[in-house]
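Tertiary structure, described
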Amino acid sequence: MLNIEIDEDSGFCFGVTTAIRKAEEELAKGNGLYCLGDIVHNGMECERLRQMGLITIDHEQMSRLHNVTVLLRAHGEPPETYELARRNDIEIIDATCPVVLQLQKRIKRQYDESLQHPTVSPRLPQIVIFGKKGHAEVLGLVGQTQSTALVIENFDEVKKLDFSRDIFLYSQTTKSLDEFHRIIEYIQQHISPEATFRSFDTICRSVANRMPNISQFARRHDLVLFVCGRKSSNGKVLFNECLRVNPNSHLIEGPEEIDPSWLVGIHTVGICGATSTPKWLMEQCRDALQK
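Residues numbered from 1 in each chain as written. Predicted model: local features only at pLDDT ≥ 70, side-chain atom pairs only at ≥ 80, totals over all residues. Heavy atoms only, no water.

1. Some words on the sheet that holds strand β7 (residues 150–152)
Filter applied, for reference: For two strands to count as paired, DSSP must find a minimum of two bridges between them. Helical segments are the DSSP runs of H or I of at least four residues, strand segments are the runs of E of at least two, and each set is numbered from the N terminus. Structural elements are reduced to axes, namely lines fitted to C-alpha atoms, with helices fitted over the stretch in contact, and the angle between N-to-C directions of any two is expressed from 0 to 180 degrees. When checking whether two residues touch, look at their non-hydrogen atoms; a contact exists if any pair is within 4.5 Å.
Spatial ordering of the open sheet is given by β7-β6-β8-β9, a layout of 4 strands whose pairing is parallel. Either end of the sheet is taken by a strand with one partner, and the two such strands are β7 and β9 (197–199). When strand polarity is set aside, the average angle formed by the axes of neighbouring strands in this sheet is 25°. Both strand β6 (residues 126–130) and strand β8 (residues 167–171) contribute to a ladder of 5 bridges, which runs parallel. Residue pairing across strands places Phe-130 opposite Ser-171, the latter belonging to β8. Those strands touched by helix α5 (residues 98–116) are β6 and β8, and its axis lies near 170° from that of β8. Along the sheet, helix α7 (residues 177–190) makes contact with β6, β7, β8 and β9, crossing β8 at roughly 175°.

See below:
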C-alpha cells in the first residue's frame, strides 16, 4: 500500500493568495480584468483564471490600453507602471505583497537619502540587491532607484562590487537566507575601512521558514514529488533543498509528468510545492498516484 502525504506547509503564500482572491472578486462581478504578467508562476493556475476571464498582458500591451482595470500581482511594479496607468486612465487593483511593498519603500528612502545627503566620498553609495536579474520583483525594486541599483544573482557576483564605496545591501524576498549571509560576510571582510556597509535582511520569513520544514518533509519519504511551475524562483530554491536531502526528488508541473517507473519499490511519497503552487494541483497529483 502506497502511503502519500501532502506537505501542509506548501502552497500559496499570503501575497499570492491575496492577489488571486482580488482577481476572483473582480471577475465575479462580471467585469473585465487584465493582469500585468502571470499572476503566479504556475501555468495551470493561470489557465484556471484565464477561463474565468482574466487576461494576462505585458507592459507594452498595457501602454496601448485606456479606461480599463489592471491588477498588479504580488511581485510589485516600478513607479513608471503607476505613471503609465495615470496617463492612460487605467484603474489599478494593487495586489503587491505587503512584504515587497515595504521593501520598495525602504530602497526608495535609501536612494532619496543618498541623493540629499551624499557621503564624504564624491561618488554615490552602491545600492545592491541580491536577486534574480529580470525577475518581476527585482525590476520593481530597481525601479525605486531610477534603475541605478546593482543586482547580484549569487555569491560569486559579490566580488564585482566596488569595496572602496559605501554599500547598502538588500535582498529579493524569496532568495536563500544562507547565501545572503555568505554575501554579507564577504563584504564585511573586504569593505574599505573608509566605506560604510549596511545590510538589511528583507527575505520573507514565510518563505525562508519553508526551507527547514521542507527539508524535514523530504527526508521522511522514499520519493518526493515537488509540484511547481518551472518559472518560479522560489520553487527552484525549495526544490534544490529537497534534492539535497533526498536525491529521489522530482520537479513536476502537474500529474501528467509523473513517471510510473519512479514508484517501483516505493512505500512513501511526499508531495510538496512552492509558494506559487496551488493546493488543488498537489491534490490532483495525489489522486493520480492513487489511481
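2. Topic: the nonpolar core
Note the cut-off: Buried residues of nine kinds, namely Ala, Val, Leu, Ile, Met, Phe, Trp, Tyr and Cys, make up a nonpolar core once their side-chain atoms join them within 4.5 Å. Here the term buried applies to any residue with accessible area under 20% of the maximum for its type, exposed to any over 50%, and partly exposed to those in between, with areas from a 1.4 Å probe on protein chains only.
One finds Val-158, Leu-161, Ile-167, Leu-169, Ile-183 and Ile-187 to be the most contacted residues of the largest nonpolar core, which totals 19 residues. Put simply, the parts of the chain that give this core at least two residues each are β6, β8 and α7. Top element by residues in this core is α7. It accounts for 5 residues. Contact partners of Ile-187, with chain neighbours within four places excluded, come to Val-158, Leu-161, Phe-163, Ile-167, Leu-169 and Phe-197. If you look at the next biggest cluster of nonpolar residues, it comprises 16 residues, including Ile-20, Leu-27, Cys-35 and Leu-71.

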